[in-house]
Amino acid sequence: MTTPAPTRYPPPLPARLLHPRHWPLWCAFGLLSLLGWLPQRWRHRLGAGLGQLMLRHNRKRRFIAGLNIEWCFRERDAAWREGLLQRFAGYLGSSYLEFGFLWWAGRRRFLRRVEFEGLEQVQALLAAGEPVILFTLHTLGMDMGGTALSTQIPMVTFSNSMRDPLLEWMLAARRSRFGCTIFPRSGGIRPVVRALRQGRVLFFPCDEDQGTRANMETVFAPFCGNIKSTLTSPVRLARLTGARLVPCSTVFDEASGRYRVRIYAPLEGVPTDDAVHDATVLNMAFERAIREAPEQYHWGQRMFHTRPDNPKSPYG
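Residues numbered from 1 in each chain as written. Predicted model: local features only at pLDDT ≥ 70, side-chain atom pairs only at ≥ 80, totals over all residues. Heavy atoms only, no water.

## What to know about the sheet that holds strand β2 (residues 132-136)
Okay, step 1: The strand order β1-β9-β8-β2-β5-β3-β4 describes an open sheet built from seven strands, whose pairing is mixed. The sheet is open, and its two edges are formed by β1 (114-117) and β4 (181-184), each paired on a single side. On average, each strand axis in the sheet is inclined to that of its neighbour by 25 degrees, with strand direction left out of account.
Okay, step 2: Two elements, strand β3 (residues 155-159) and β4, share four bridges in a ladder whose sense is parallel. If you follow threonine 157 over to β4, its bridge partner there is isoleucine 182.
Okay, step 3: The strands that helix α11 (residues 275-292) touches are β2, β8 (244-253) and β9 (258-263); relative to β2, the one it contacts most, it runs at about 55 degrees. (Pairing = 2+ DSSP bridges. Helix = DSSP H or I, 4+ residues; strand = E, 2+ residues; numbered from the N terminus. Axes fitted to C-alpha atoms, helices over the stretch in contact; angles between N-to-C directions. Contact = heavy atoms within 4.5 Å.)

## Some points on empty space enclosed by the protein
Okay, step 1: Inspection of the entire model under this criterion finds one cavity of 30 Å³ or more.
Okay, step 2: Volume-wise, the largest cavity comes out at about 80 Å³.
Okay, step 3: Along the walls of the largest cavity sit Gln40, His44, Tyr91, Ser94, Ser95, Glu98, Leu140, Gly141, Phe252, Tyr259 and Gln296, which together make up its complete lining.
Okay, step 4: Ranked by residue count, the leading element in the lining of the largest cavity is helix α4 (residues 78-104), at four residues.
Okay, step 5: A breakdown of the residues in the lining of the largest cavity according to their chemical character gives four nonpolar, six polar and one charged. (1 Å grid on protein atoms, 1.4 Å probe; cavity = no way out; pocket = protein on both sides within 12 Å on 5 of 7 lines; lining within 4 Å. Points joined across faces, edges and corners; volume = space filled by probe spheres on them. Nonpolar A, V, L, I, M, F, W, Y, C, P; charged D, E, K, R; others polar.)

## Some details on the side chain of asparagine 283
Okay, step 1: Tracing the sequence through the fold places asparagine 283 in helix α11.
Okay, step 2: Overall, asparagine 283 belongs to the buried group, its relative accessible area being 2%.
Okay, step 3: A distance of 3.0 Å separates the side chain of asparagine 283 from the side chain of threonine 230, its partner in a polar contact.
Okay, step 4: Contacts of asparagine 283, omitting those with residues within four sequence positions, involve Ala221, Pro222, Phe223 and Thr230. (Buried < 20%, exposed > 50% of the residue type's maximum accessible area, 1.4 Å probe, protein only. Polar contact = N/O pair within 3.5 Å; in protein donor to acceptor, adjacent residues only side chain to side chain.)

## Focus: the pairing of β9
Looking down a regular strand, the side chains alternate between one sheet face and the other.
Okay, step 1: Side chains Tyr259, Val261 and Ile263 of β9 all project onto a buried face; the interleaved residues Arg258, Arg260 and Arg262 project onto a face where none is buried.
Okay, step 2: Bridge count between β1 and β9: four bridges; the pairing is parallel. Along β9, the bridge assignment pairs valine 114 with tyrosine 259.
Okay, step 3: Bridge count for β8 against β9 is six bridges, and the pairing is antiparallel. Bridging from a neighbouring strand, serine 249 pairs with arginine 262 of β9.

## What to know about the packing of aromatic side chains
Okay, step 1: Evaluation of the coordinates by the stated rule reveals 14 aromatic pairs.
Okay, step 2: Arranged with centres 5.6 Å apart and planes meeting at 75 degrees, the rings of phenylalanine 29 and tryptophan 103 form a pair that is edge-to-face. Highlighted residues: phenylalanine 29 in helix α1 (residues 23-35) and tryptophan 103 in helix α4, separated in sequence by 74 residues. Considered together, phenylalanine 29 and tryptophan 103 belong to a single accessibility category, that of buried residues.
Okay, step 3: With a centroid separation of 5.1 Å and an interplanar angle of 50 degrees, the aromatic rings of phenylalanine 73 and tryptophan 80 are classed as tilted.
Okay, step 4: Residue tryptophan 80 is classed as partly exposed on the basis of its relative accessible area of 23%.
Okay, step 5: Three or more aromatic residues joined by ring pairs form one cluster here, namely Trp26, Phe29, Phe99, Trp103 and Trp104.
Okay, step 6: Between the NZ or CZ atom of arginine 76 and the centre of the ring of tryptophan 80, over which it lies, the distance is 4.4 Å. (Phe/Tyr/Trp six-rings, centres within 6.5 Å; stacked < 30°, edge-to-face > 60°. Lys NZ or Arg CZ within 6 Å of the ring centre and 35° of its normal.)

## Focus on α1
Okay, step 1: With 13 residues, α1 should cover 18 Å at 1.5 Å per step; its first-to-last C-alpha distance of 18 Å lies within 8% of that length.
Okay, step 2: Among the residues of α1, those classed as buried are Phe29, Leu32, Ser33 and Leu35. Seen along its axis, α1 keeps its buried residues to an arc of 160 degrees; they face one direction. Exposed and facing more than 90 degrees away from the buried side of α1 are Pro24, Cys27, Leu31 and Leu34. (Expected span 1.5 Å × (residues − 1). Arc of directions from axis to C-beta.)

## Focus on the confidence of the model for the protein
Okay, step 1: With 96% of its residues at a pLDDT of 70 or more, the protein shows a mean pLDDT of 94.
Okay, step 2: Note that pLDDT drops below 50 for residues 1-6; the model gives that stretch one contact with residues more than four away or on any other chain. (pLDDT = per-residue confidence, 0-100.)

Below is the structure:
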């Protein structure tokens, strides 16, 4: 019995996404595409102002980001942490406007804004026949980095379901425009395992707190002086496929206006039989990347939502 071919994801644009209730979002996409033609410095400044405005008027998100920064930088004083929060807000707003460039810039124009550091390590592993998992964290330039990498190596990644079907479709369609294959998380890991064994690289953002939705795939491990619910699936996939775990991050260099996709040395001594040890090693790699450009990490996530000793979330 032959295995059925995987369903194309995302599918061609469904007609239902042209319904008038989606028109406001289509208008927003149109505005983004126009902003993508602005000079990069103008777009960055305009986005920074937008981010500051969002921080000022969205008390909920300000509280979440502020709490995360406080927990991760307890050794710093309140003034330093407030400064980091303000810089983060500026980069967050700028990252939103960058989607106009990210989604619609042509391949050559797009790659002029990107530089790679350490990519030869992944290429050498692939040439040696070793599967590779590029595990990454949610920096504000992560989408830019993932899209850029898909122009250099055969790549696959996961996609989460979203409340808005049009936004979900657009994100998947734009992320796959240079050849990346996207698998919905709801489809399980079999397609990803098959792709890894066929020589594709898995680009795997895995620093989120998945909470009770993934309670069979997480452990509590140290992270920035705290205990954090940490996904074990990257290590389990590495054990299952023999893949090397390679840390990766993407940050924006304001001086040059370019994004740096940095690939670090492959992890050694992982996986082991100790899930907490392996999760700690992954978190240490995340910490190192965060501290290189803390203002560009996505502090707006509910990073510590799941607690080991208290069912109540610190975010309320």
